[in-house]
Each structure stands twice: as structure tokens, then as C-alpha cells.
Amino acid sequence: MTNPSELVQTLRNTFNSGKTKPVEFRLKQLKALQRLYEENTEAMIEVLGKDLRKSKQESILLEIDYLINDLRHTIANLRSWVEPEQPPKGFVNMLDSLYIYNDPYGVVLVIGSWNYPIQLTLLPVAGAIAAGNCVVIKPSEVSSASSKFMAETIPKYLDSDCYRVFEGGVAETTALLKEKFDYIFYTGSSQVGKIIHTAASQHLTPVTLELGGKSPVYLDKSADIKVATKRLLWGKCINAGQTCVAPDYLICTRDVRDRFVDCAKETIREFFGSDPKQSPDLCRIINDRQFQRLVALIKQHKPAVGGNFDASDRYVEPTILTDVDLKDPVMKDEIFGPILPVVTVDDASEAIKLINAREKPLVFYIFSNNKKDVKLLIDNTSSGGVLVNDTIMHMATDMPFGGVGTSGMGSYHGKYTFDTFSHKKSCLYKDLGILGETLASSRYPPYSDRKLKFLQLLLKKRQGVSFKCLSYLVVFGIGFASAVGCKHLLETKNFLK
Ligand code: NAD
């Protein structure tokens with residue numbers, strides 16, 4: 001095993017040398033990463049096939065192209081993102097310059113998950129590079145083919161003084177976490193998220209935790225049930241349900257449930273044929289442990305749809321369970337497989353109570369054309385995000401993506417990834433000129449009511465004061481300062497006489 005202390009020290013030396021800071025250097029590395037994806041597309045499809053029997057379409061759309069498109073966006077915008085922001089100024093700072101610099105943190109650790117093993121590892125890495133950091137990249141050992149691919153390929157494209165892949169399982173990650181990083185970005189389960197958070201807190205290292213949980217779907221009779229079923233089952237079946245934003249369970253009324261089950265039978269046949277096991281488009285479960293966990297969940301029920309499995313190639317059929325009690329194991333932990341339990345309620349208010357009685361989900365899916373109920377559901381629940389009338393497609397936007405509560409902390413995607421890996425360093429530039437000094441001199445002792453009043457006027461936050469109005473105030477300030485200055489001058493002259 002690479003010595004974690006030596007590894008982190010090497011990267012720290014590089015960071016301290018300033019090598020990763022120039023924008024040109026960052027762009028060069030990001031373009032090399034893009035070339036890595038473009039020149040190794042076939043190899044990536046192959047390793048994703050080995051790990052998860054991922055289809056070409058899912059490999060390209062949800063991993064490779066996803067990474068390339070994110071890089072294109074970052075490369076096109078990086079120069080403007082790194083520019084210091086100039087925030088609006090208050091009256092008290094009219095003569096000053098205000099800047100917010102985007103400082104790289106330093107040496108950051110990115111820990112990836114096995115379900116989208118390349119995308120979930122390298123998307124944050126691109127943001128960390130863009131922000132000017134050195135990066136230790138820790139792929140999931142569970143998706144071993146993808147981990148090996150990244151360990152072998154990345155050094156051929158990225159500068160090894162700055163970016164290193166560190167392979168390994170629990171023991172190696174535990175050793176790595178003893179080191180002091182400047183930022184840790186973790187994707188995986190909430191359970192391990194707590195371990196990461198605890199380790200990071202020993203060094204007061206800031207973290208982003210991209211976790212999981214049970215993401216509910218609410219479907220009501222105002223929706224087109226057929227279209228909703230297709231969209232829901234597509235989101236449930238991609239990667240065989242091993243997706244952090246997969247719809248976990250469905251909430252609906254009894255009559256909607258029966259219509260949904262009919263549509264689901266038809267949809268699954270349409271997607272995967274009469275025997276889904278033969279379909280090349282359905283992934284397999286990552287390992288035996290996960291397979292056995294899913295089979296145990298199915299065995300406790302009489303599936304309304306599906307229910308078959310085959311241990312020889314870790315196949316689990318898309319399965320819908322309707323005989324579900326809220327206390328059943330399938331309603332306890334995140335399912336992370338192609339099994340969809342359905343629970344019934346009387347209305348949207350009951351759905352809200354059910355959701356709020358559980359941990360905050362990563363995403364809440366709502367299928368409805370009833371605007372009043374949609375608003376009610378959004379306003380009265382808390383989740384990482386909400387998607388109305390579809391599943392998964394919010395991942396195709398550049399809006400911040402992340403959880404809340406046990407589904408995670410922090411967010412990323414698009415510019416938010418760059419922001420995640422940048423410390424916002426506020427910098428106030430003042431000058432030592434006579435005007436500024438005269439205006440500010442009221443802060444010095446000896447204190448007086450006159451000085452206090454003037455300072456309060458200067459510091460008062462003014463809601464909705466237009467820039468035009470501020471310019472009058474500046475003129476007033478300058479006039480006032482000149483008057484004070486002249487008075488002071490005359491007094492000094494008289495004193496000297
Ligand atoms: P995993 O087993 O691959 O673990 C993730 C990472 O944590 C790996 O790199 C692994 O080496 C490391 N790890 C595991 N145990 C550890 C320990 N004891 N100490 C230190 N490091 C350890 O993945 P998983 O946890 O099975 O992932 C599935 C979960 O991840 C699901 O809950 C899913 O919802 C969540 N997830 C979330 C997102 C998101 O973006 N929010 C994305 C994908 C997966």
C-alpha cells in the first residue's frame with residue numbers, strides 16, 4: 001500500500017509550490033481529462049460491463065458523456081469562475097474595493113462510490129482540479145474493474161505530482177482518513193458518511209457528504225398514469241435500481257395503485273421483454289452481499305409484479321410489492337435495487353405526514369397535475385431536491401445537487417462543484433488617504449454622542465437604497481468631511497497663533 005502520509009506530503013509540497021494555481025495549468029489538466037474520456041470510451045464501457053453489466057447506453061449517457069459534458073461546461077467557464085467576485089458595497093465602503101477570491105483549499109480527498117464508479121469519482125475530481133487543488137482520488141474497491149482502470153489510466157493523462165489515485169478498501173481508507181486533508185468529498189452510504197465525518201472532524205476538515213436514503217414518489221389521479229409509470233420505472237430500473245436518486249417507494253391512493261400496477265406490467269414488458277433476464281439492458285447487482293440483501297427483501301412478500309431472481313448472475317427482476325406495511329424491512333433502509341414497494345394513503349396531506357415521519361430524502365418525486373397539491377407537497381416537506389412529473393432528469397441540470405439531513409450535506413454539479421472546492425476569501429481594500437481617514441475618524445476615542453450618531457448613519461444597512469441615492473449620500477459625506485477638515489484646519493491655525 002502507498003504510504004498515505006508520504007502521498008499527502010508529496011501533494012502538499014506540490015500545492016505549496018503554487019503549481020496548480022495558474023488557470024492555464026488547470027485548463028490543461030481538464031482538457032487532458034477530457035481526452036482520457038474520449039480516447040478510452042470503449043475501455044470504460046468494458047469495465048462498467050465487468051462491474052455492473054452496465055449497458056452501452058447507460059455507460060455512455062450516465063457516466064462517460066455526463067463527465068465530458070460537465071468538463072466542456074467547466075472548461076468554457078473556468079476563466080470567469082476564477083475571477084474574484086465584486087460584491088455590492090454599502091455606504092460605509094463607498095471609497096473601498098471589495099473582492100471575494102476563490103481560493104483552492106489545498107490537498108483534497110475524493111472518495112467515490114461503486115454504483116456509478118467512474119462518474120461519481122471523477123465528476124468531483126474535475127471540480128477540485130478546476131478550483132486549483134491537489135487531489136487524492138479514492139475509487140470504491142467494490143467496483144474493482146473501474147477502480148483498476150482509473151488507477152492505471154489517470155497517471156497517463158494527469159500530472160502525478162498533483163493528482164494521485166489511491167486504491168483500497170476499508171483498511172486503506174481508514175489509514176488515509178488519519179491524514180489531514182483540506183477538504184473531503186465523499187459519496188456513499190449514510191452509515192459510512194458518519195465515519196468520514198468523524199474522521200474529518202479530528203482535523204476540522206470541511207466535508208461534502210453525498211449520501212442516500214429512501215426517496216419517495218407521490219403519484220395522484222390527476223397525472224397521466226401511463227406516462228408517470230414509464231418515467232418512474234425507468235428511474236427505478238436504470239443501473240438495476242442501484243442509483244442514489246432512484247425512486248425508492250411509491251405513495252398513492254388505492255385506486256391509483258391498481259392502475260399503476262396494470263401499467264407497470266405493460267411497461268416492464270415493453271422495456272425488457274417477457275423475460276427481463278434475457279434483456280441486455282438490465283444491469284446486474286454489484287456483488288453477492290447486495291444480491292442476498294435484495295432477495296431477502298423480496299422473500300417477505302407476495303410480489304404483485306416480478307419477484308424472480310437468479311444467484312448465478314446476480315439477476316433481480318423488476319419487482320413491485322403492494323402488500324407492504326410501513327414496519328416491513330423494505331420500508332426501513334434504502335432499497336438500492338429494482339424493487340418498488342407501494343404504500344397507500346388517502347390524500348396528499350397523509351403523504352406529507354408519512355414522508356415527514358422519516359429521514360429527509362435525497363429527492364422527492366411528485367407526479368401530479370394538481371398545482372395546489374404539488375405546492376402543498378413541496379412547501380411541507382424537506383428533501384435534497386424535488387422533481388415534478390419525472391425521475392432522475394434533475395441530474396441533467398446544473399442546479400445544486402445534494403442531500404439534507406441524513407441524505408447528505410453540501411452540493412455540487414456545474415459551477416457548484418467549483419464553488420464546493422473553493423474557499424471564498426473576502427478581501428477588503430482600503431486606502432490611507434485623508435478623505436477616508438477623516439470620514440472614519442469618528443470611530444476613535446474620545447467617544448461622543450456626535451461621533452456615535454455619525455457612525456450609526458454611516459453603518460446603517462439601507463434596504464433598497466439605489467446607487468443613485470448612494471451617490472448623493474457620498475457627496476453629502478464628502479461635503480461633511482470637507483467641513484470637518486476645514487474646521488479642524490482653522491482651529492489648528494488659531495491654536496498656533
Ligand atoms: P461503497 O461501499 O462503495 O462505499 C463508498 C466508499 O466508502 C468507498 O470508496 C469505500 O471504500 C468507502 N468505505 C466503505 N466503508 C468504509 C469505512 N468503514 N471506512 C472508510 N471508508 C469506507 O458504497 P456504498 O456505501 O455501498 O454506496 C451506496 C450508498 O451510496 C447508497 O446509500 C447510495 O444512496 C449512496 N450514494 C449516494 C450518492 C449521491 O450522490 N448522493 C451517489 C451514489 C451513491
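My aim in this report is to walk through the structure given alongside it, one point at a time. (Residues numbered from 1 in each chain as written. Predicted model: local features only at pLDDT ≥ 70, side-chain atom pairs only at ≥ 80, totals over all residues. Heavy atoms only, no water.)

Observations regarding the packing of helix 9 (residues 225-237) against helix 10 (residues 254-272)
Thinking step 1. At a closest axis distance of 9 Å, the pairing of helix 9 and helix 10 adopts a crossing angle of 60°. One element, helix 9, and the other, helix 10, form an angle in the oblique class. In the crossing of helix 9 with helix 10, the sense of the turn from one axis to the other is right-handed. Contacts from I225, K226, T229, K230, L232, L233, W234 and C237 in helix 9 reach V256, R259, F260, C263, A264, E266, T267, I268, E270, F271 and F272 in helix 10.
Thinking step 2. Residue composition of the contact of helix 9 with helix 10, grouped by class: 12 nonpolar, two polar and five charged. (Axes fitted to C-alpha atoms, helices over the stretch in contact; angles between N-to-C directions. Helix = DSSP H or I, 4+ residues; strand = E, 2+ residues; numbered from the N terminus. Parallel < 35°, antiparallel > 145°, perpendicular 65-115°, else oblique. Left-handed = near helix turned anticlockwise from the far one by under 90°. Contact = heavy atoms within 4.5 Å. Nonpolar A, V, L, I, M, F, W, Y, C, P; charged D, E, K, R; others polar.)

Some remarks on the site of the ligand
Thinking step 1. Taken together, 27 residues sit near the ligand, with S140, E141, G188, L211 and E334 positioned nearest.
Thinking step 2. Contact between the ligand and E210: a nitrogen atom at 3.5 Å from a main-chain N or O atom of the residue.
Thinking step 3. Protein chains shield 91% of the accessible area of the ligand, which is 840 Å² for the free molecule.
Thinking step 4. Across the shell around the ligand, the residue classes break down as 14 nonpolar, nine polar and four charged.
Thinking step 5. Both of domain 1 (4-211 + 415-425) and domain 2 (216-402) provide at least three residues apiece to the shell around the ligand. (Near = heavy atom within 4 Å. Polar contact = N/O pair within 3.5 Å; in protein donor to acceptor, adjacent residues only side chain to side chain. Areas by Shrake-Rupley, 256 points an atom, 1.4 Å probe, with all protein chains shown as cover. Domains from an automatic or database assignment.)

Side note on the state of the cysteines
Thinking step 1. If you walk through the whole model with that rule in mind, you get zero disulfides.
Thinking step 2. Counting only cysteine sulfurs, C283 is the nearest neighbor of C237, a cysteine outside any disulfide, at a range of 10 Å.
Thinking step 3. In this structure C244 is a free cysteine whose sulfur lies 14 Å from that of C283, the closest cysteine sulfur available. (Disulfide = S-S within 2.5 Å.)

A short note on a nonpolar patch on the surface
Thinking step 1. Taken together, L95, I434 and L435 make up a surface patch of nonpolar side chains, about 280 Å² in accessible area.
Thinking step 2. For L95, the location among the structural elements is in the loop between helix 4 (56-82) and strand 1 (97-104). (Patch = residues over 30% accessible without salt bridge, like charges linked within 9 Å, V, L, I, M, F, W, Y side chains within 5 Å. Salt bridge = Lys/Arg side-chain N within 4 Å of Asp/Glu carboxyl O.)

Points about the pairing of strand 7 (residues 216-219)
Thinking step 1. Where burial is concerned, the two faces of strand 7 agree: the one with P216 and Y218 and the one with V217 and L219 are both buried.
Thinking step 2. Inspection of the sheet shows strand 7 paired to strand 8 (residues 249-252) by three bridges, in the parallel sense. Across the sheet, the residue bridging to V217 is L250, located in strand 8.
Thinking step 3. In this view, the connection linking strand 7 to its parallel neighbour strand 8 by way of helix 9 has right-handed handedness.
Thinking step 4. One ladder, built from three bridges, connects strand 7 with strand 13 (residues 363-367); its direction is parallel. Directly across from V217, in strand 13, lies its bridge partner Y365. (Buried < 20%, exposed > 50% of the residue type's maximum accessible area, 1.4 Å probe, protein only. Pairing = 2+ DSSP bridges. Right-handed = clockwise from strand over helix to strand, strands pointing away.)

A few points about the sheet that holds strand 5 (residues 183-187)
Thinking step 1. One open sheet accounts for six strands, arranged 4-3-2-5-6-15; its pairing is mixed. Only two strands of the sheet have a single partner each, and these edge strands are strand 4 (163-165) and strand 15 (408-409).
Thinking step 2. Pairing of strand 3 (residues 134-138) with strand 4 involves three bridges; the strand directions are parallel. Bridging across to strand 4, I137 finds its partner in V165.
Thinking step 3. Running at roughly 150° to strand 3, helix 1 (residues 4-17) makes contact with strand 2 (107-111), strand 3 and strand 4 of the sheet.

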